[in-house]
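# Breakdown of the fold
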Amino acid sequence: MRFPVLLLRRFAIALALSLLSLVPALANPMLLVDRDNLNVLYAEQAGQPWHPASLTKLMTAYVAFEEIAKGTVTLDTPVTLSKYALTMAPSRSGLKVGTSVSLEDALYILIVKSANDMAVAIAETIGGNEANFVAKMNDVARRMGLTATHYENPHGLHDPLQVTSARDLAVLALYIEQSFPQYMPMFHTSVVRIGNLKLESQNNLLTTFSGAIGMKTGFVCASGLNLVADVDRNGRRLLAVVLGGSSGRDRNERAAELLLKGLSGSATPTGQTILNVSNAVGAAPVDMRANICGKDAATYVKAQEAAFPMGMKGQPSYLTDQIAAVEHVATDLGRMRTDIALPRPRPAHVPAFPSAALVSDTTTSASALDANLRPGLELAGSPGVPYPRPRPASR
């Protein structure tokens, strides 16, 4: 009787494998860009609208960088966690209601931990309220030409109207590096320590892929697992975007594969620059919820694993380097009162750019002011790229 039982088991396994093969392994948006000349080295569904999840925080950080450059806030401006901020779903900072940190530390926590409560706290500090800050985010997206992008919140928790594309995310990442290079170390940091808290990044490339310098991860059920990654290695400066990964392994290994193809020269220019890539304007964003968090998610994930097993147990991996984690130590300013005078006056802040209120020359137009704040993307090393003045060293 043992022989028929073995036959039945083999038949059941074969049937399961055949059914698994019928589940499509989706080809999700992926993009590889040479940051030195903006050439696209690989693109797949790069203009497809997609939910950004916590990649939203790239724009949250950019708006903060811009406001610092304008002089409306400084790196020392206190950011206080409100009761509303603490209502955000995880990931959170772990700090209590009323706790304050400097804007600099808040940005580190935002980027490294991807803390949703800190995203709201930054928005409230800079915009007065979340809605005003989101309006600034959408204004920046408009000025950057991010035609597939719209924001409803500063953190990336799912909203069906919050959308972007791989193309737009690449352009945003390039703007961050071009306009505010002094803040790139924030994206290279893997750990923030504040008091007894150790806040860690989900970007495993930072500690497993030589040359990785940032940028950001993101996940909600509707988006799958997303990643924007910058790498500097052997004189090459590359940017990869992977959206809709079925797992952290899938997302990270696919990004590493793209980057290695670019580094080896096997990924060659497609004839387009990132600015020439078109968005599928008006198309509906893909919703990955059923595949990632639905009742059939396990079947979908297995199909993705079968199609791309890199990094699974017993399989080779692209992520084998061992790199020490870069840490930042933040300071908990405690519960701050705002109705008392500081013990000593703060020095006047000299803005890097004129504010609209200070422009008295009637010949200066709003568009000229925008040009100062939003230069066009230019190639690395090109003359005339306006950068904000370097920030003074923190004390």
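Small disclaimer: the values here were computed from a predicted structure and weren't measured.

Turning next to the packing of helix H4 (residues 116–127) against helix H5 (residues 130–144). Contact geometry of H4 with H5 gives a least axis separation of 7 Å together with a crossing angle of 90°. Classified by the angle between their axes, H4 and H5 sit roughly perpendicular to one another. For the pair formed by H4 and H5, the contact residues are Val120, Ile122, Ala123, Glu124, Ile126 and Gly127 on the first element and Glu130, Asn132 and Phe133 on the second. Among the residues making up the contact of H4 with H5, the classes are represented as five nonpolar, two polar and two charged.

With respect to the secondary-structure elements, Thr189 resides in the loop between helix H7 (184–188) and strand S5 (191–194). With a relative accessible area of 4%, Thr189 lands in the buried category. Only 2.8 Å separates the side chain of Thr189 from the backbone oxygen of Pro185, close enough to count as a polar contact. Once residues lying within four places of it in the same chain are set aside, the contact partners of Thr189 are Tyr108, Val112, Ser201, Leu206, Val326, Glu327 and His328.

Another aspect to go through is the environment of Asp232. Mapped onto the fold, Asp232 is located in strand S8 (residues 224–233). Between the C-alpha atom of Asp232 and that of Gly211, which follows or precedes it by 21 residues, the distance is 4.9 Å. The contact partners of Asp232, leaving out residues within four places of it in the chain, are Arg35, Gly211, Ile213 and Arg237. Of note is the side chain of Asp232, whose polar atom sits 2.8 Å from the side chain of Arg35.

This next bit is on helix H2 (residues 56–70). Under the 1.5 Å per step criterion, the end-to-end length of H2 is 22 Å for 15 residues, consistent within 8% with the ideal 21 Å. Looking one or two residues beyond H2, the residue adopting positive phi is Gly71, at roughly 90°.

Here is what the cut-offs are and how they apply
- Residues numbered from 1 in each chain as written.
- Predicted model: local features only at pLDDT ≥ 70, side-chain atom pairs only at ≥ 80, totals over all residues.
- Heavy atoms only, no water.
- Axes fitted to C-alpha atoms, helices over the stretch in contact; angles between N-to-C directions.
- Helix = DSSP H or I, 4+ residues; strand = E, 2+ residues; numbered from the N terminus.
- Parallel < 35°, antiparallel > 145°, perpendicular 65-115°, else oblique.
- Contact = heavy atoms within 4.5 Å.
- Nonpolar A, V, L, I, M, F, W, Y, C, P; charged D, E, K, R; others polar.
- Buried < 20%, exposed > 50% of the residue type's maximum accessible area, 1.4 Å probe, protein only.
- Polar contact = N/O pair within 3.5 Å; in protein donor to acceptor, adjacent residues only side chain to side chain.
- Expected span 1.5 Å × (residues − 1).

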